[in-house]
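Chain by chain, the residues run as shown.
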Amino acid sequence: MLKINHVQKTFHPNSPDSHIALRDLSLEVAQGDFVTIIGSNGAGKSTLFNAICGSFELDQGQIFLDGKDITHTPDYIRAKNIGRLFQDPLSGTASEMTVLENLALAQGKGGWLSITRKSEKEFFREQLKALNMQLEDRLDTPVGLLSGGQRQALTLLMATINPPKLLLLDEHTAALDPNSAAKIMELTKKIVKENRITCLMITHNMQQALDVGNRTLLMHDGKILMDLSGEERENMSVEDLLSAFKTIQKESFDNDRMLLINE
Ligand SMILES: Nc1ncnc2c1ncn2[C@@H]1O[C@H](COP(=O)(O)OP(=O)(O)O)[C@@H](O)[C@H]1O
Ligand SMILES: [Mg+2]
């Protein structure tokens, strides 16, 4: 359902700061896949999500969603089919607006006008209740007053209230306390499963990367270096992943040193 074809992205091209963040990267994701993505800082994980969302033009390559070439589709059009959550629970909601107002905005389709309707309010209350985060009685509370966990639960609901074709989670539990992080992860699994959403999730938690979903990618230096699924993934331990990481980092360190010596 998602096909990424030889995508390349350079930041600050033709300047001393030039940096290739995605290198000839190709990836195919099947309908219903839940893919976890790990990789060191600066590996290009968030840039991959930005490429999928259309935050910039690519140097080269194509992106297809459900067979449709979206390579040059503007980000706001893509957003109709792609939901995204960030690490910072503040980034997905309008903090001065109430829970109800945020949900109405997320729902679109005239939802904004209908929030005064009792049936609509009840619908949102039911949805909030299902999150099990004590949000159902806070419809009229400004979102800025919620806890980080509550806010991220609301963001998750907002991103999926009209289930997107694709959900992109960029370390969406990393900024939360362990208890809230676990709750949000459970909610994520439930919502993704119930709505059969295809999902990509960046995480720095290797155990989570192996436990959640059905496929794991390891990114480094703008490339996908490992693509684990099936039995290979089942047999993989966190220790195996860590040692793969170390080997990769040592290799790139050696390469950098070679470059320095050659220059
Ligand atoms: N908008 C941008 N402008 C310039 N450089 C960027 C931009 N976004 C990311 N980069 C650079 O691209 C590389 C990959 O970044 P990123 O995708 O955020 O890594 P990750 O999410 O894997 O930690 C980094 O070196 C980062 O500094
Ligand atoms: Mg990132």
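To start, this report covers the structure provided alongside it. (Residues numbered from 1 in each chain as written. Chains lettered and ligands numbered in written order. Predicted model: local features only at pLDDT ≥ 70, side-chain atom pairs only at ≥ 80, totals over all residues. Heavy atoms only, no water.)

Brief notes about the packing of helix H6 (residues 148–160) against helix H7 (residues 178–194)
Contact geometry for H6 and H7: axes closest at 9 Å, N-to-C directions at 15°. For the element pair H6 / H7, the angle class is roughly parallel. Here the hand of the crossing between H6 and H7 comes out right-handed. Of the residues in H7, those in contact with Gly149, Gln152, Ala153, Leu156 and Thr160 of H6 are Ser180, Ile184, Leu187, Thr188 and Ile191. Split into classes, the residues belonging to the contact of H6 with H7 amount to five nonpolar, five polar and no charged. (Axes fitted to C-alpha atoms, helices over the stretch in contact; angles between N-to-C directions. Helix = DSSP H or I, 4+ residues; strand = E, 2+ residues; numbered from the N terminus. Parallel < 35°, antiparallel > 145°, perpendicular 65-115°, else oblique. Left-handed = near helix turned anticlockwise from the far one by under 90°. Contact = heavy atoms within 4.5 Å. Nonpolar A, V, L, I, M, F, W, Y, C, P; charged D, E, K, R; others polar.)

Digging into the sheet that holds strand E4 (residues 60–65)
Judged by pairing direction, the sheet is antiparallel, and its four strands sit side by side in the order E2-E1-E4-E5 without closing on themselves. Edge strands, defined here as strands with exactly one partner in the open sheet, are strand E2 (19–29) and strand E5 (68–69). The pairing of strand E1 (residues 2–11) with E4 spans five bridges and is antiparallel. In the strand pairing of E4, lysine 3 is matched with phenylalanine 64. (Pairing = 2+ DSSP bridges.)

Description of unusual backbone geometry
For aspartate 24, which is not a glycine, the phi torsion comes out positive at approximately 45°. Inspection of the secondary structure assignment puts aspartate 24 in strand E2. According to the relative accessible area criterion, aspartate 24 is partly exposed, its value standing at 41%. Backbone geometry places glutamate 171, a non-glycine residue, at a positive phi of 50°. (Buried < 20%, exposed > 50% of the residue type's maximum accessible area, 1.4 Å probe, protein only.)

Focus on the pattern of salt bridges
Note on pairing: side chains with opposite charge can pair once their charged atoms come close. One pass over the structure, following the stated rule, counts six salt bridges. Among the ionic pairs, aspartate 221 bridges to arginine 23, the shortest N-O distance being 3.4 Å. One end of the pair, aspartate 221, is in the loop between strand E9 (215–220) and strand E10 (223–229); the other, arginine 23, is in strand E2, with 198 residues separating them in the sequence. Lysine 165 is the partner of aspartate 66 in a salt bridge, and the nearest nitrogen-oxygen pair spans 3.3 Å. In this pair, aspartate 66 is assigned in the loop between E4 and E5 and lysine 165 in the loop between H6 and strand E7 (166–170), connecting sequence segments 99 residues apart. On the basis of relative accessibility, which here comes to 41%, the residue aspartate 66 falls in the partly exposed class. Linked through salt bridges whose partners overlap, the residues forming this network are Asp33, Arg215 and Asp227. (Salt bridge = Lys/Arg side-chain N within 4 Å of Asp/Glu carboxyl O.)

Limitation: the analysis is restricted to geometry and does not speak to function.
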